[in-house]
Amino acid sequence: MTDSKNLFSTAQALPGALASMGSAPVIRQLRHLVVSGLADLPLPGTGRTLDRWQALSVVAGHDLSLARLYESHADALAILRELGYEEHTRGAVWAMWAAESPGRRLAATDRGAEGIVLSGSKAACAGALGASHALLTAWLPGQQPQLMVVELDHPSVGIHTNDWHALGMADTGSADVSFHNTPATRLGAPGDFMRRSGYWHGAAGIAACWHGGIRAAAHVLFAAVQQCPPSHPLHTMRAAALAKVDVALHSSAAVLRDSAAWIDAHPRDAAMALALRTRQAVESSAWRVLQEAGRALEGTAFSRSAFFARMAADLPAFMRQSQGGDRDEAALSGALLAQDAPPLWAL
């Protein structure tokens with residue numbers, strides 16, 4: 001467990017650590033953060049949820065592909081601790097692979113004294129090209145999904161990159177991963193992955209990464225307006241876009257702060273509606289920022305700012321990979337309708 005006295009400094013220490021790594025490959029940057037202790041974040045729901053999300057946001061503002069792997073590593077550590085995993089994990093780089101592809105399940109076989117082995121594959125696994133360990137879902141016969149711990153350097157694990165052709169989030173080291181009687185360690189009981197309190201806390205935390213991305217993109221617009229004289233024909237349009245972006249970012253930040261405070265105050269309460277609402281609010285702000293900044297900067301940002309162009313490609317891919325959009329909206333509507341009374345929606 002991280003020394004709580006050092007947690008306060010993580011978000012403050014990250015910018016310097018990130019800047020020092022320059023243009024190193026994303027997985028090398030993640031390893032550096034892990035070894036430096038800057039990827040071991042306070043657990044959600046323990047009074048430091050906002051600190052955790054601030055760190056995620058800072059990393060996302062630097063590189064969204066790195067943030068995708070950083071968040072996955074931090075989420076895996078939180079799950080391991082929540083479910084009582086006691087093995088030594090210092091220095092390990094974790095990946096979290098819980099997505100289930102239609103018609104494609106990873107099968108688990110319990111061989112008694114020989115332990116559990118996995119057979120099958122997982123698709124589009126972020127961090128597959130650099131993680132040392134994975135926390136993933138597999139299926140025992142007749143059971144709900146079961147969390148498993150796997151060491152990825154085992155010779156029975158195969159990494160396959162032929163089907164990964166992404167432009168957005170291209171640096172996540174993603175690949176299909178196959179398992180052939182691969183030894184695995186069971187974590188918790190079947191169904192614990194989604195049943196535990198932290199499931200929706202982690203789902204909400206991904207929105208902090210999105211916020212970090214749009215904040216960084218907004219800084220590109222801010223600099224352009226700042227450098228554009230009031231007499232310039234584009235100044236009025238760009239200034240109006242900046243005002244709209246400011247409103248979107250303040251709204252996004254306010255939702256995240258409020259959600260983090262609620263989680264810390266109610267760590268064991270059902271958080272599905274809160275998480276989905278948070279994700280939808282931040283995603284809406286993200287689309288607004290990308291639209292306004294892209295329109296105001298015209299082709300300049302996309303052709304002359306590699307940073308903005310990469311953010312504009314990575315952020316939509318990140319949000320889609322995290323199952324946002326219509327599925328989140330439908331799930332939120334269902335959660336609201338399942339309540340005994342309508343939402344208060346009051347100040």
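Residues numbered from 1 in each chain as written. Predicted model: local features only at pLDDT ≥ 70, side-chain atom pairs only at ≥ 80, totals over all residues. Heavy atoms only, no water.

This part covers the overall build of the protein. Along the protein, the regular secondary structure elements total 11 helices and seven strands. Overall, the C-alpha framework of the protein stretches about 80 × 50 × 45 Å when taken along its three principal axes. A burial count over the protein gives 50% of its 347 residues as buried. Excluding contacts between residues fewer than 6 apart, the proportion of contacts in the protein whose partners are at least 24 apart in sequence is 72%. Of the roughly 16600 Å² of accessible surface on the protein, a fraction of 55% belongs to carbon and sulfur atoms. Between the mean site of the 28 positive side-chain charges and the mean site of the 30 negative ones, the protein shows a separation of 4 Å. (Helix = DSSP H or I, 4+ residues; strand = E, 2+ residues; numbered from the N terminus. Buried < 20%, exposed > 50% of the residue type's maximum accessible area, 1.4 Å probe, protein only. Contact = heavy atoms within 4.5 Å. Areas by Shrake-Rupley, 256 points an atom, 1.4 Å probe, with all protein chains shown as cover. Lys, Arg positive; Asp, Glu negative; His and termini not counted. Charge placed at Lys NZ, Arg CZ, Asp CG, Glu CD.)

A few words on the packing of helix α1 (residues 10-20) against helix α3 (residues 49-62). Their axes nearest at 8 Å, the elements α1 and α3 cross at an angle of 20°. When the axis of α1 is compared with that of α3, the two are roughly parallel. Viewed along their axes, α1 and α3 form a crossing whose handedness is right-handed. Note on element contacts: α3 touches α1 through Gln54, Ala55, Val58, Val59 and His62, opposite Thr10, Ala11, Leu14, Pro15 and Leu18. (Axes fitted to C-alpha atoms, helices over the stretch in contact; angles between N-to-C directions. Parallel < 35°, antiparallel > 145°, perpendicular 65-115°, else oblique. Left-handed = near helix turned anticlockwise from the far one by under 90°.)

It is at 9 Å that the axes of helix α7 (residues 235-265) and helix α8 (residues 272-297) come closest, and there the two elements cross at 165°. Judged by the inter-axis angle, α7 sits roughly antiparallel to α8. Along this stretch, α7 crosses α8, giving a crossing that reads as left-handed. Across the contact of α7 with α8, the residue classes tally to 15 nonpolar, five polar and five charged. (Nonpolar A, V, L, I, M, F, W, Y, C, P; charged D, E, K, R; others polar.)

The next point concerns the packing of aromatic side chains. Taken as a whole and judged by the stated rule, the model has four aromatic pairs. When the ring of Tyr199 is compared with that of Trp200, the centres are 5.0 Å apart and the planes differ by 90°; the resulting orientation is edge-to-face. On the numbers, 5.3 Å between centres and 80° between planes, the contact of Phe302 with Phe308 is edge-to-face. Since its relative accessible area comes to 43%, Phe302 is described here as partly exposed. Among the aromatic side chains, those forming a connected cluster through ring pairs are Phe193, Tyr199 and Trp200. Sitting over the face of the ring of Trp139, Arg105 holds its NZ or CZ atom 3.4 Å from the ring centroid. (Phe/Tyr/Trp six-rings, centres within 6.5 Å; stacked < 30°, edge-to-face > 60°. Lys NZ or Arg CZ within 6 Å of the ring centre and 35° of its normal.)

Counting buried positions along strand β5 (residues 145-151) yields five of seven residues, so the element is predominantly enclosed. One ladder, built from seven bridges, connects strand β4 (residues 133-139) with β5; its direction is antiparallel. Of the residues in β5, the one forming a bridge with Ala138 is Gln146. Bridge count between β5 and strand β7 (residues 175-187): three bridges; the pairing is antiparallel. (Pairing = 2+ DSSP bridges.)

What sets the pattern is the α-helix's 3.6 residues per turn: residues three or four places apart point alike. When the terminal C-alpha atoms of helix α10 (residues 306-321) are compared, their 22 Å separation across 16 residues agrees well with the 22 Å that a helix rising 1.5 Å per residue should span. Of all the positions in α10, only Phe308, Met311, Ala312, Asp314, Leu315, Pro316, Ala317, Phe318 and Met319 are classed as buried. Looking at the buried side of α10, the elements it contacts are α3, α4 (64-82), α6 (198-226), α8 and α9 (300-304). (Expected span 1.5 Å × (residues − 1).)

Below, the discussion takes up α3. Helix length check: α3 (14 residues) gives 21 Å between terminal C-alpha atoms against 20 Å at 1.5 Å per residue, within 8%. Against α1, α4, α6, α7 and α10 lie the buried residues of α3.

The next point concerns the nonpolar core. Among the nonpolar cores identified, the biggest contains 91 residues, and Leu33, Tyr70, Trp97, Leu118 and Leu136 are the most heavily contacted of them. In terms of residues, this core owes the most to one element, α6, which gives 15 residues. Counting residues in each nonpolar core, the second largest holds 13 residues, with Leu80, Tyr85, Trp94 and Phe193 among its members. (Core = buried A, V, L, I, M, F, W, Y, C linked by side-chain atoms within 4.5 Å.)

On to the pattern of salt bridges, then. Inspection of every chain in the model, using the stated rule, returns 12 salt bridges. With a closest N to O distance of 3.0 Å, Arg196 and Glu82 form a salt bridge. Pair noted here: Arg196 is in the loop between α5 (192-195) and α6 and Glu82 is in helix α4, with a separation of 114 residues, a long-range link. Look at Arg196 and you get buried, because its relative accessible area is 10%. (Salt bridge = Lys/Arg side-chain N within 4 Å of Asp/Glu carboxyl O.)

This part covers unusual backbone geometry. Residues other than glycine seldom take positive phi values, yet Asn181 does so here, at roughly 55°. Following the sequence through the fold, Asn181 ends up in strand β7. Assessed through its relative accessible area of 41%, Asn181 is described here as partly exposed. The residue Trp345 is not glycine, and still its phi comes out positive at about 50°. Among the structural elements, Trp345 can be located in the segment after α11 (326-337). By relative accessible area, Trp345 is classed as exposed at 75%.

In short, geometric facts, not functional conclusions.
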